[in-house]
Amino acid sequence: MDTNQDTLLFRFASKSLKYFLLVLFCIAIAYVLSTGLGILQIIPILLYLLQQLLLPLGIILLCLMTIAVIFESLR
């Protein structure tokens, strides 16, 4: 039995999800550190980044994961 049975789409979607969640975790750490240290000028930048860049990427990634799961279940 081949150990690498996942499709290319599923591997790409899971790797993309991993890095997307890592970026969200890093933004959460930056937010906590900025509020804790009193550097409040970075908070609007982080919110803009979340709204304008990460929200659409998250929606696209969710659709990609859904397509990958459907293709894997049909195989």
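So, here's what we can say about the structure. All values derive from a computational prediction rather than experimental measurement. (Residues numbered from 1 in each chain as written. Predicted model: local features only at pLDDT ≥ 70, side-chain atom pairs only at ≥ 80, totals over all residues. Heavy atoms only, no water.)

A word on helix α1 (residues 8-37). For α1, spanning 30 residues, the distance from its first C-alpha to its last is 43 Å, which sits close to the expected 44 Å at 1.5 Å a residue. All of the buried residues in α1 are A13, F20, I27 and S34. Each element contacted by the buried residues of α1 is listed here: α2 (43-74). Of the residues one or two after α1, G38 is the one with positive phi, at around 85°. (Helix = DSSP H or I, 4+ residues; strand = E, 2+ residues; numbered from the N terminus. Expected span 1.5 Å × (residues − 1). Buried < 20%, exposed > 50% of the residue type's maximum accessible area, 1.4 Å probe, protein only. Contact = heavy atoms within 4.5 Å.)

This brings us to the nonpolar core. Of all hydrophobic cores here, the largest spans five residues; its members are F20, I27, L46, L54 and L61. Counting only elements with at least two residues in this core, the list comes to α1 and α2. Beyond its immediate sequence surroundings of up to four residues, I27 is in contact with L46, L49, L50 and L54. (Core = buried A, V, L, I, M, F, W, Y, C linked by side-chain atoms within 4.5 Å.)

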